[in-house]
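Survey of secondary and tertiary structure
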Protein chains: 2
Amino acid sequence: VAGTARASSGADRQLLSDLEDALGRRRVLTDPEVCAGYTRDWTGRYVGSAAAVVRPERVEQVQAVVEVAARHGAALICQGGNTGLVGGSVPRPAGALDQPQIVCGMSGMCAVEDVDPAGRLLCAGAGVTLSAAQAAAGRAGFHLGIDLSSRGSATLGGMAATNAGGMQMLRFGGMRARVAGIEAVLADGSIVSRLSGLAKDNVGWDPAALFVGSEGTLAVITRVMVRLEPLPAHRVTALVALASVDAALELLAGPVAALPSLEAAELTLEDGMRLVAGEFDLPPPVGLESGAAGRGGRAWLTLEAAGPYDPTAELAAAVDHPFVLGAAVASDANGRARLWAYRERHTEAVSRLGVPHKLDVSVTRSRLGELVGLLPERVAAAAPGARLVMWGHAADGNVHVNVVGPPPDDDGVDDAVLRLVAELGGSISAEHGVGVARRRWLRLVRSEGDLQLMARVKAALDPGGMLNPGVLEPLP
Amino acid sequence: VAGTARASSGADRQLLSDLEDALGRRRVLTDPEVCAGYTRDWTGRYVGSAAAVVRPERVEQVQAVVEVAARHGAALICQGGNTGLVGGSVPRPAGALDQPQIVCGMSGMCAVEDVDPAGRLLCAGAGVTLSAAQAAAGRAGFHLGIDLSSRGSATLGGMAATNAGGMQMLRFGGMRARVAGIEAVLADGSIVSRLSGLAKDNVGWDPAALFVGSEGTLAVITRVMVRLEPLPAHRVTALVALASVDAALELLAGPVAALPSLEAAELTLEDGMRLVAGEFDLPPPVGLESGAAGRGGRAWLTLEAAGPYDPTAELAAAVDHPFVLGAAVASDANGRARLWAYRERHTEAVSRLGVPHKLDVSVTRSRLGELVGLLPERVAAAAPGARLVMWGHAADGNVHVNVVGPPPDDDGVDDAVLRLVAELGGSISAEHGVGVARRRWLRLVRSEGDLQLMARVKAALDPGGMLNPGVLEPLP
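What you see as residue numbers is a count from 1 along each chain, following the sequence as written. Each chain gets a letter, beginning with A, and each ligand a number, beginning with 1, in the order they are written. Reporting of local features is limited, given that this is a predicted model, to residues whose pLDDT is at least 70; pairs of side-chain atoms are given and counted only at 80 or more, and all residues count toward the totals for whole chains, interfaces and linings. Here the side-chain values reflect all heavy atoms present in the structure, with hydrogen atoms and water set aside.

**So, the overall build of chain A**
Strands are runs of DSSP state E lasting at least two residues, helices are runs of H or I lasting at least four, and both sets are numbered from the N terminus onward. In terms of helices and strands, chain A carries 17 helices and 18 strands. Since a compact globule built from 476 residues should have a radius of gyration of about 23 Å, the 23 Å found for chain A is in line with a globular shape. Classification of the 476 residues of chain A by burial places 60% in the buried group. Should any heavy atoms of two residues lie within 4.5 Å, those residues are considered in contact. The contacts in chain A between residues at least 6 apart in sequence include a share of 77% that link residues at least 24 apart. Here the radius of gyration uses the C-alpha set of atoms, whereas the globule reference equals 2.2 Å times the residue count to the power 0.38. Only protein chains enter the area calculation, which uses a 1.4 Å probe; residues under 20% of their type maximum are buried, those over 50% are exposed, and those in between are partly exposed.

Written as structure tokens, this is what we have:
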């Protein structure tokens, strides 16, 4: 049965038995229902087949898994919180590979090992969830400078492997910037460890920087050290209405961009705002009926600033601009939540329309207006009658493109959107990674030289092709 | 003659001739005096021998140099501004390698190609100096978020290859954080290019992150794209006197650390402050005779904050603390320069005492007090009677250790300092890199697994050992 771990052959039974010998029986999962949770992604779109699911608790056990996998020529698919959207952390379908597949669930490596307030560092097992790390940091007066809505499941190891981004990226950077160190097991069983927590350490290039974003293809990340930021005493949110996306981007490029306290700058559009307000019976957002709408309709920025002093005055001054149709500001938790709801409930509102095609693309900030302007006609051409809803992390040029209408397995509209993005010099995957879902479009945005470099490093570190085979490899 | 390019053999003459055919004669330097500037580092401690010095102006010419070097089995040593301190950008001494050496001076790739205010990006040839890039950014209302005293010579390519740090690293990060993209030529002549300037682009791991800090051993960096920051309207400097290093670090870990506008936090000590004030007839710094000095004498923090609003009040509030013996604050250029002089003139003051042994080490911020406390006794034991002067980038745990007394070729005191740093889990090279100078101590701070990873990636990308051979390799 695809989607469950089963000993389908004598070779697979030997593999299971060797894993049990190496790890102890309780760390080798065999219950089909439990295993199904590891072989299917949370959206249900990616279902694979594994000869075994293991759950190591210490780095030596990860080494043992790697050793057994190498001996059996098996593939090793690492899995953190299984919150990915591109099928990169579940096994490939039965028959897709000529290797047996082992899913290595990292949730057993779940200790927050150290919080260092002076060094502003947190060190934890790769299986620690973002929310557990946030709680440990919070008790010491810090936060991680990164937040995702999947915080309860997403793990630090998975976030590092996929270079997770999120809402606060504008101020604090993505995981590549947040990771201060890493411990990892390579395909030959050797351990690479860079957990000194030094702010400056120019003794060779940085393995952590190489492994971040490698999607489990170069190493098994076993420990992660992340940087911490002091919890701000003050936090203020502003919802600012503008006549058009161009006006929003102009405001963002001006005084708003210069605020050191700015943590978020989220863009929403008139169509999405009307949808959200209607679906959830919210009062119309500020500015919805004010002034004249420009090309493409009105746009909103959800801005958030935070710091050790109250940033309300500087945020208010920065948005005091003739383009602004209206602005609402809140610094209390309830008021802030009310303003954020317009942005945050977009996902849910779109899901009520049907099963959306979800694309996560980016362009440079200077081309964001162009992308948002061109998308409606390209989507209409590829999928006549489809409903397009967009929102995004404006400061990062990142747009979440949602298209409701075409059947799930018709990727014509995906292709049209990704080709437009490539024309504009953008990325076919801003945050979500490549996994198996975006392999078809890899060559749109990566040259032969780029792909060869990735392939050569992959071959040097994993000559047997053990680690997450297929992921990050272009389709022929 | 060591230190000059000369056609010492028929093979070398053929190499020169092939380079001239590939690049044109004027890009192959032959004048011995000109070449000597490329084969000797600026301190005069590292002098090597090159069969040729070339100066390409376009990436195709770099490819041609790589092709000729591969054909002749030659070593290729890339050189930016030749401001390094570890002998990594000049050729090895005559006879040290069994390959002829080519110095590839990058100063011909000197065009600032693009400044994108909306995307906050600058793209330039690898040979563009930091000051030229700063000037171009400044004309558009931006700065690079990185500054070094060698700005007039140091190049963006060299800064990327060595992951340069500097004074503003606390707020804006080092070159690994500043680099938004890179173009590079690999040893096989292929080009890797990641110059899209996207804030988010999760399509595979980031080659730029791999090449930063690789010291010319993995690729020839030909173009660099760096992030820009808006020029602040206000800038304020505070010189704050404290009873001890521990008090300074406690102040820094508290409210000061939480200031989003903080750009620099430099540490100086009583011995160095007395030396600087005496050598240059400066008025005694604030607090020099106030209160009681703690263990190891008084300490000063030079703090700088900048932003779109005036940060004076928040900086003053953050340093209003019982540990503070006194503070001087200035926001005008002259006043700020007067306060900075105490920190900046340390280098010159030490040079007046003799030729110093210079070590650039780091520990985590939580161990900085311990390092500064232990160094005097370790230095005294290794070099009795020597004079130790230290200062550093306090927020990064980075200490510049200067020892005057032991002869230049006696590295006993270097060894003692680096062993102490390794005991404390620190780095033997915080900013300056490994080059050839720190190879002897590589194994102190890198495990066999770490070194093997570096060696394997090196072998995959440069199987012939063309690029900067010896650099970053541990001595047996």
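**A closer look at the interface of chain A and chain B**
Listed by partner, the interface residues are 76 residues for chain A and 76 residues for chain B. Using a 1.4 Å probe, buried area is obtained as the accessible area two parts lose upon being combined, added over both of them. The contact between chain A and chain B buries some 6100 Å² in all, and 58% of this surface belongs to carbon and sulfur atoms. When a carboxyl oxygen of Asp or Glu is within 4 Å of a side-chain nitrogen of Lys or Arg, the pair counts as a salt bridge. The salt bridge partner of B:Asp396 is A:Lys200, with a shortest N-O separation of 3.2 Å. Listing elements by their share of the side of chain A that touches chain B, those giving two or more residues are α6 (169-172), β9 (191-194), α8 (207-211), α16 (442-445) and α17 (448-461) of chain A. It is α17(A) that provides the largest number of residues to the side of chain A that touches chain B, a total of nine residues. Tallied by class, the residues present in the side of chain A that touches chain B amount to 34 nonpolar, 25 polar and 17 charged. Throughout, the ten residues Ala, Val, Leu, Ile, Met, Phe, Trp, Tyr, Cys and Pro are labelled nonpolar, Asp, Glu, Lys and Arg are labelled charged, and all others, Gly among them, are labelled polar.

**Observations concerning the state of the cysteines**
Residues and elements named next belong to chain A. Throughout, a disulfide means two cysteine sulfur atoms within 2.5 Å of one another. Across all of its chains, the model carries zero disulfides over all chains by this definition. With no disulfide partner, Cys104 has as its closest neighbouring cysteine sulfur the one in Cys78, 4.6 Å distant. Looking at Cys104, the relative accessible area reads 0%, which means it is buried.

**Topic: the sheet that holds strand β8 (residues 179-185) of chain B**
Residues and elements named next belong to chain B. For two strands to pair, DSSP has to find at least two bridges joining them. Pairing is antiparallel across the open sheet formed by five strands, whose spatial order is β5-β6-β10-β8-β9. Two strands bound the open sheet, and with one partner strand each, they are β5 (112-116) and β9 (191-194). Strand-to-strand twist across the sheet, computed as the mean angle between neighbouring axes with direction ignored, equals 10°. Direction of pairing for β8 relative to strand β10 (residues 220-227): antiparallel, over a ladder of six bridges. What sits directly across from Ala184, in β10, is Ile221. Whenever a helix is involved, its axis is fitted only over the stretch in contact; in every case the axis is a line through C-alpha atoms, and angles between N-to-C directions fall within 0 to 180 degrees.

**So, the nonpolar core**
Ranked by internal contacts, the top residues of the largest apolar core, which has 188 residues, are A:Phe211, B:Phe211 and B:Leu303. In terms of nonpolar packing, the next biggest core, distinct from the first, is built from 54 residues, A:Val245, A:Leu301, A:Val403 and A:Leu442 among them. To form a nonpolar core, buried Ala, Val, Leu, Ile, Met, Phe, Trp, Tyr and Cys residues must be joined to one another through side-chain atoms within 4.5 Å.

**Structural notes on the environment of A:Ile182**
All names here are of chain A. Position of Ile182 among the secondary structure elements: in strand β8 (residues 179-185). Overall, Ile182 belongs to the buried group, its relative accessible area being 0%. Through-space distance from the C-alpha of Ile182 to that of Thr302 is 34 Å; in sequence the pair is 120 residues apart. Other than its neighbours up to four places away in sequence, Ile182 contacts Ala160, Val192, Ser193, Arg194, Leu195, Ala208, Phe211, Ile221 and Arg223.

**A short note on the sheet that holds strand β3 (residues 75-79) of chain B**
Paired through backbone hydrogen bonds, the strands of a sheet run either parallel or antiparallel to each other. Residues and elements named next belong to chain B. An order of β1-β2-β4-β3 is seen for the four strands of this open sheet, with the pairing classed as mixed. The sheet is open, and its two edges are formed by β1 (28-29) and β3, each paired on a single side. Of the strand pairs in this sheet, β1 and strand β2 (residues 52-54) are connected by two bridges, and their pairing is antiparallel. Paired with Leu29 across the bridge in β2 is Val53.

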